[in-house]
Structure formats: C-alpha cells, structure tokens
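One letter stands for each residue in the lines below.
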Amino acid sequence: MNSRDYQQIDPQALPTPAHSPLPHPADRRQEPRTPRRKWEVFPGKNRFFCDGRIMMARGCGVFPLTVGLILVTSTLFFIFDCPFLVKHLTRCIPAIGGVLFVFVLITLFQTSFTDPGILPRATPDEAADVERQIDDTGNTSYRPPPRTKEVLINQQVIKLKYCFTCKMFRPPRTSHCSLCDNCVERFDHHCPWVGNCVGKRNYRFFYTFIVSLSFLTAFIFGCVTTHLALRAQGGKGLVFALQESPVELAICFFSVWSILGLSGFHTYLVASNLTTNEDIKGSWSGKSGDGVTNPYSQKNIFINCCSVLCAPMPPSLIDRRGFLPPNESAQTSDADIEPPRLNHKNEMNVVGASLHLVLIVTLTNLK
Amino acid sequence: MRQQVAVAAKVFIQRDYTNGTMCQFQTKFPSDLETKIDKQQFEETIRTLNNLYAEAEKLSSQSFIEGCLACLTAYTVFLCMETHYEKVLKKIAKYIQEQNEKVYAPRGLLLTDPIERGLRVIEITIYEDRSFSR
C-alpha cells in the first residue's frame, strides 16, 4: 500500500490575476523584482513603445520623412490653397481634404505600429522534436544542407523551408525578414516608408493607406492646379502664380504618379491573392513548369479581394504585453508544481492553476 | 513538501496545410499516445479544434460587413472592439480547458492551447506518475 505524500494546494492561496502575476511560494528564493513583459526579451530586431503596445522595425527607415512630407504638403494646402478655393469655389474643399488627411495618417500609423504577423520562435522542446524527426545521420560537424519539407496544397506541391533562426519549418507564404530578423506570415515586403514589414495582419492597413494617399495627393494636386489656373486667369500670369506654391506642386506632381502606380500594382496583387514577394520571385508565373498556378487564389476577383481585405482580423501571435514567468530558464523536464503560465490572458491563469490541481489530485488517486 | 510530477515526454501535433494557410492541425494519431488515450477521443478533440479554427477564419457575410465598416472608420474599431477571431479564440480556450479537465488530465496528459505556441503546434505533455512510498 503506497501512501501519498502530497500537500493539498489551497486554491485561495494561488495568486489571483488581478493582483499579481507572480507566484508567491517560489519567490522566497529570489529577490522581489518588477515583473518583466515579454517584449523586453523579444529576440527579433524590433522597437517597442508604450510598454509594448506599439512596435516598429529597429531601423525606422524613412518613416519620419513620410510623415513629414504628408504633413508639410497638407499644411501648405490648408494654409495657401483652401482660403482661395473656399472663396471662389466651395466650402467642401477643406472638408474633403481634412477627411482624407486624417484617414491617411490613421492608416499610416496603423500600418507602422501593428504587428505584421510575426511568428514567435519555436520553443526548445519543439525545435528538438523537429530536429529529431529530420536529422537521423547525427552528423553535427558541419551545417547540413537547407532542409525542406513538401506539402500538397490544393493539389500543388509546395516546398516548406526550414528557418535556422526561428528553428521551425516556415508555414506556406511565410518569409523571414532579414531586416527585422523575424518570420512574418504572408510576407509581402519590408517597407522603409512605413518603417515596418507588411504582412498578414497589416496588409489591409497598408493597402488602405496607399489608396487613400493616392486620393489625397490627386486631390491636392487637382486643387493646386485649379488654384493656379484661377490665379493665372486673374491677370497676373501663370509664371507668377507658379512662384507662389512651388513646393506643394513639386511634391504632388512626383508623388501622384508613383503612389498611383503603387496602388494599381497592389490592387492587382489583391485581386489575384498574390504577395509582392511571390510576384517578384515569380513563384506562380509558370516559368518553372506547366500547371503551376497560385494555389491560394479563389479564381474569383471579388472573393480574392474579400479574403485579403475583409477576412476576420487574425490575432497577434507574439504576446508582447504578457508577463514573463519568474524563472525564465524553467524549460527543464522536472518542474515543481507552480501555477503554470498557460495563457497570457489574465483570466486563464486561475483556470490553469486549478487545472493543475485537478491533475495532481487525479494522478495521486490513479491507483 | 511538494508533489513531484515529472514530464515524461512532449508530443507535438503539427499543422495540416492541405487546404491552404488556414489553421488546421493533423489528425494523425501519434504513436507516443497509443497507451495513454483512445484514438477516437483524440481525433474528436483535434477535429473539434479544427472546426473552431475554421469558424474563426471563415469568410462569411458578417465578416465582410465588419471588414467594410472597419475600413470606413480607418480600422479604428479594432482598437475598441473585440474581433470575431478573438471571440472564437476564447471559445477554443474554454474547450481546451474542458477537455483537459474531463479527458486528458485523468490520463496524465495536458493539452497546451496552440495560441501559446503561435498557432504552430498543439503541444501534449505526458506526465509520469511518480508516487512516493514509505
């Protein structure tokens, strides 16, 4: 007859999520420290602001320039062109301009500050499991050749590559961004203008940003041209009128064509459910063989647009604002019982703890 | 004095990409679990999870309307409202907890919510039963 030697854990003694994220018993060995959030130890090259709420790439690229150009052009528009046009045309002009301006800025910030769909790196246990499955030779003296795994997606053979940095087989359409050092789902491209990668989660913000920016630049360009035309008619001549607003005109003229072109290109990508990455590499252009078509396309423009732009917003997989477990190196097999950090959502900590209690009690009563 | 419960092994259920990039997990029964749990029970759990994830990502008329409305507000609604996906994730978390309590914990197993692992794998921890005898 075996006697059990365990102490019933009192659920009331377990930490409640609202008060403290740290388990009390284990802390007697450590000094009490401010609990750290996961973004502070994030392995990728990203910058976090507002305690993990906002994230960008480490090198912001030309994001300040983008914001500056938009602000400068719009300010000049509101100061110099609007008064004239309100007097001579209609009051709607500053209203429309204002709405477009706000829309552009909001979508720009959403694109830049949102997690693009970063995949968290594999845990050591997962990585070991994957290694065990592929590496049977046991030869560790040199780096083995790139590992690939083939899967069948909609009757097409797709090769999944192994990411040595993140230690996992990349899901389809995922690519590792070398600038951010992260694997990003449905990786489109790394955009220096917004200072972030464009991927699954922020592609719709990016698309809305460039479309609304094309409207804004076209609108400002149209208003400036109308202003100049009306002024030139006023008698002083076109050249004199041009001298009054050269900056706006120059910026708008050059931006309109490039932004309109970019919007057109991305509209084509959305309609065919392609990413910039795939388009540049020519993954589905059929040059490698016959019958290679895009397996992700629904063959219908409207459905493709909906699935890219109107699908349910996927969640962020990197838990930026979750708290780190007090013992970061606790990845060992033999673990003392402590309330497990099962879920980053606070309300689940109590659930996880009570679940562990069930497990203890059940295991000890198995015989 | 504490009870030591050792982790004997971990089994990872990988993603199933045959239908594209949708979140689905393989229903193949891992050999390590043969002595621990009924194959049908396991497959039923995975199938229910797959159905829940399909529901989360489904392109329905409701999600289309939500998407259009969100676009009109420059997506600021995402900052205030809980998205459809997040609502289903809560349902999934509840289902996993329920399965753990009723089915897996009595057999010395523990399912980890895939969201904890970036929706890459379902991690099943196999616990050893270590009893202390006097």
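Predicted model only: the values in this text are computed from it and were never measured.

Trainee: Break down the environment of cysteine 306 of chain A for me, with residues and values.
Mentor: By the element assignment, cysteine 306 of chain A lies in helix 8 (residues 301-309). It is 39 Å that separates the C-alpha atoms of cysteine 306 of chain A and valine 247 of chain A, two residues lying 59 residues apart in sequence.

Trainee: Can you explain the side chain of arginine 120 of chain B? Please cite residues and give values.
Mentor: Considering the arrangement of structural elements, one finds arginine 120 of chain B in the loop between strand 2 (109-112) and strand 3 (122-127). Looking at arginine 120 of chain B, its side chain comes within polar contact range of the main-chain oxygen of proline 120 of chain A, at 2.3 Å. Every residue in contact with arginine 120 of chain B, bar those within four places of it in the chain, is listed here: Pro120, Arg121, Ala122, Thr123, Glu126 and Met168 of chain A together with Ile13, Gln14, Arg15, Phe25 and Pro114 of chain B.

Trainee: Can you break down the UniProt feature "transmembrane region" (unreviewed entry) in chain A residue by residue, with the values?
Mentor: Residues and elements named next belong to chain A. Within this structure's numbering, the places UniProt gives as "transmembrane region" (unreviewed entry) are residues 61-80, 92-113, 205-230 and 251-271. Span residues 61-80 is 90% helix and 0% strand, its end C-alpha atoms 30 Å apart. Between the C-alpha atoms that bound residues 205-230 there is a distance of 37 Å. The span itself is 100% helix and 0% strand.

Trainee: How would you explain the packing of aromatic side chains if you had to name every residue and give the values?
Mentor: Considering all chains together, one arrives at 20 aromatic pairs over all chains under this definition. Summarising the aromatic geometry, the rings of tryptophan 39 of chain A and phenylalanine 48 of chain A are spaced 5.8 Å apart at their centres and angled 40° between planes, so their arrangement reads as tilted. Taking the relative accessible area as the measure of exposure, phenylalanine 48 of chain A reaches 14% and is therefore buried. Between phenylalanine 205 of chain A and tyrosine 75 of chain B, the aromatic rings sit 4.9 Å apart at their centres with planes inclined by 65°, giving edge-to-face as the arrangement. You can see phenylalanine 205 of chain A sitting in helix 4 (residues 203-236) and its partner tyrosine 75 of chain B sitting in the loop between helix 2 (61-72) and helix 3 (77-80), one on each of two chains.

Trainee: Now, about the sheet that holds strand 7 (residues 175-177) of chain A: what can you tell me, with residues and values included?
Mentor: Residue and element names in this part refer to chain A. If you walk across this open sheet you meet the 3 strands as 3-8-7, and the pairing is antiparallel. Bordering the open sheet on either side are strand 3 (118-119) and strand 7, each of which pairs with just one other strand. In this sheet, strand 8 (residues 182-184) lies alongside strand 7 in antiparallel orientation, the contact comprising 3 bridges. Within strand 8, the position partnered with histidine 176 by the bridge is cysteine 183.

Trainee: Can you explain the packing of helix 1 (residues 63-88) of chain A against helix 6 (residues 246-271) of chain A? Please cite residues and give values.
Mentor: Residues and elements named next belong to chain A. Two numbers describe how helix 1 lies on helix 6: the axes approach to 10 Å, and their chain directions differ by 130°. Judged by the angle between their axes, helix 1 and helix 6 are oblique. For the pair helix 1 and helix 6, the sense of crossing is left-handed. Two secondary-structure elements touch here, helix 1 through Leu69, Thr73, Leu76, Phe77, Phe80 and Asp81 and helix 6 through Val247, Glu248, Ile251 and Cys252. Tallied by class, the residues present in the contact of helix 1 with helix 6 amount to 7 nonpolar, 1 polar and 2 charged.

Trainee: So what about the sheet that holds strand 5 (residues 156-163) of chain A? Which residues, and what values?
Mentor: Residue and element names in this part refer to chain A. Strands sit in the order 4-5-6 across an open sheet of 3 strands; the sheet is antiparallel. The strands lining the two open edges of the sheet, one partner per strand, are strand 4 (148-153) and strand 6 (168-169). Judged from the 2 bridges that link them, strand 5 and strand 6 form a sheet pairing that is antiparallel. Bridging from a neighbouring strand, tyrosine 162 pairs with phenylalanine 169 of strand 6.

Trainee: Account for the domain arrangement of chain A, naming residues and giving values.
Mentor: When the parts of a complex come together, some accessible area is lost, and that lost area is often used as the size of the interface. Residues and elements named next belong to chain A. According to the domain assignment, chain A consists of domain 1 (40-118 + 181-324) and domain 2 (124-136 + 143-170). Relative to domain 2, the C-alpha centre of domain 1 lies at a distance of 35 Å. In this assembly, 9 residues from domain 1 lie in contact with 9 residues from domain 2. Between domain 1 and domain 2, roughly 610 Å² of surface is buried when both sides are summed, and carbon and sulfur atoms account for 61% of that area. When residues of domain 1 are sorted by the area they lose upon contact with domain 2, Cys183, Pro295 and Tyr296 head the list and together hold 67% of the total. Between the two partners, domain 1 and domain 2, sit 0 salt bridges. One can count 1 residue pair in polar contact (both at pLDDT 80 or more) joining domain 1 with domain 2. Across the side of domain 1 that touches domain 2, the residue classes break down as 5 nonpolar, 3 polar and 1 charged.

Trainee: Help me get a handle on the pattern of salt bridges, residues and values and all.
Mentor: If you walk through the whole model with that rule in mind, you get 15 salt bridges over all chains. Between aspartate 181 of chain A and arginine 121 of chain A there is a salt bridge; the shortest N-O distance is 3.2 Å. Of this pair, aspartate 181 of chain A sits in the loop between strand 7 and strand 8 while arginine 121 of chain A sits in the loop between strand 3 and helix 3 (124-134); the two residues are 60 residues apart in sequence, bridging distant segments of the chain. Judged by its relative accessible area of 24%, arginine 121 of chain A falls in the partly exposed class. A salt bridge links glutamate 278 of chain A to arginine 173 of chain A; the nearest nitrogen and oxygen atoms lie 3.0 Å apart. Placement of the pair is glutamate 278 of chain A in helix 7 (residues 276-281) and arginine 173 of chain A in the loop between strand 6 and strand 7, with a sequence separation of 105 residues. On the basis of relative accessible area, glutamate 278 of chain A is assigned to the buried category, the value being 8%. Owing to a relative accessible area of 13%, arginine 173 of chain A belongs among the buried residues under this scheme. Put simply, Asp125 of chain A together with Lys10, Arg117 and Glu123 of chain B are held in one network by salt bridges that share partners.

Trainee: Describe the pairing of strand 1 (residues 46-49) of chain A, listing the residues and the values that go with them.
Mentor: Residue and element names in this part refer to chain A. Residues Asn46 and Phe48 line the buried face of strand 1, whereas the alternating positions Arg47 and Phe49 sit on a face that is not buried. In terms of strand pairing, strand 1 meets strand 2 (residues 54-57) through 4 bridges, oriented antiparallel. Opposite asparagine 46, over in strand 2, you have alanine 57 as the bridge partner. Taking the residues that link successive antiparallel strands as the turn, the strand 1-strand 2 hairpin has 4 residues, and the phi of cysteine 50 there is positive, at about 55°.

Here is what the cut-offs are and how they apply
- Residues numbered from 1 in each chain as written.
- Chains lettered and ligands numbered in written order.
- Predicted model: local features only at pLDDT ≥ 70, side-chain atom pairs only at ≥ 80, totals over all residues.
- Heavy atoms only, no water.
- Helix = DSSP H or I, 4+ residues; strand = E, 2+ residues; numbered from the N terminus.
- Polar contact = N/O pair within 3.5 Å; in protein donor to acceptor, adjacent residues only side chain to side chain.
- Contact = heavy atoms within 4.5 Å.
- UniProt positions renumbered as here; feature names shortened; annotations may be inferred.
- Phe/Tyr/Trp six-rings, centres within 6.5 Å; stacked < 30°, edge-to-face > 60°.
- Buried < 20%, exposed > 50% of the residue type's maximum accessible area, 1.4 Å probe, protein only.
- Pairing = 2+ DSSP bridges.
- Axes fitted to C-alpha atoms, helices over the stretch in contact; angles between N-to-C directions.
- Parallel < 35°, antiparallel > 145°, perpendicular 65-115°, else oblique.
- Left-handed = near helix turned anticlockwise from the far one by under 90°.
- Nonpolar A, V, L, I, M, F, W, Y, C, P; charged D, E, K, R; others polar.
- Domains from an automatic or database assignment.
- Buried area = accessible area lost by both parts, 1.4 Å probe.
- Salt bridge = Lys/Arg side-chain N within 4 Å of Asp/Glu carboxyl O.

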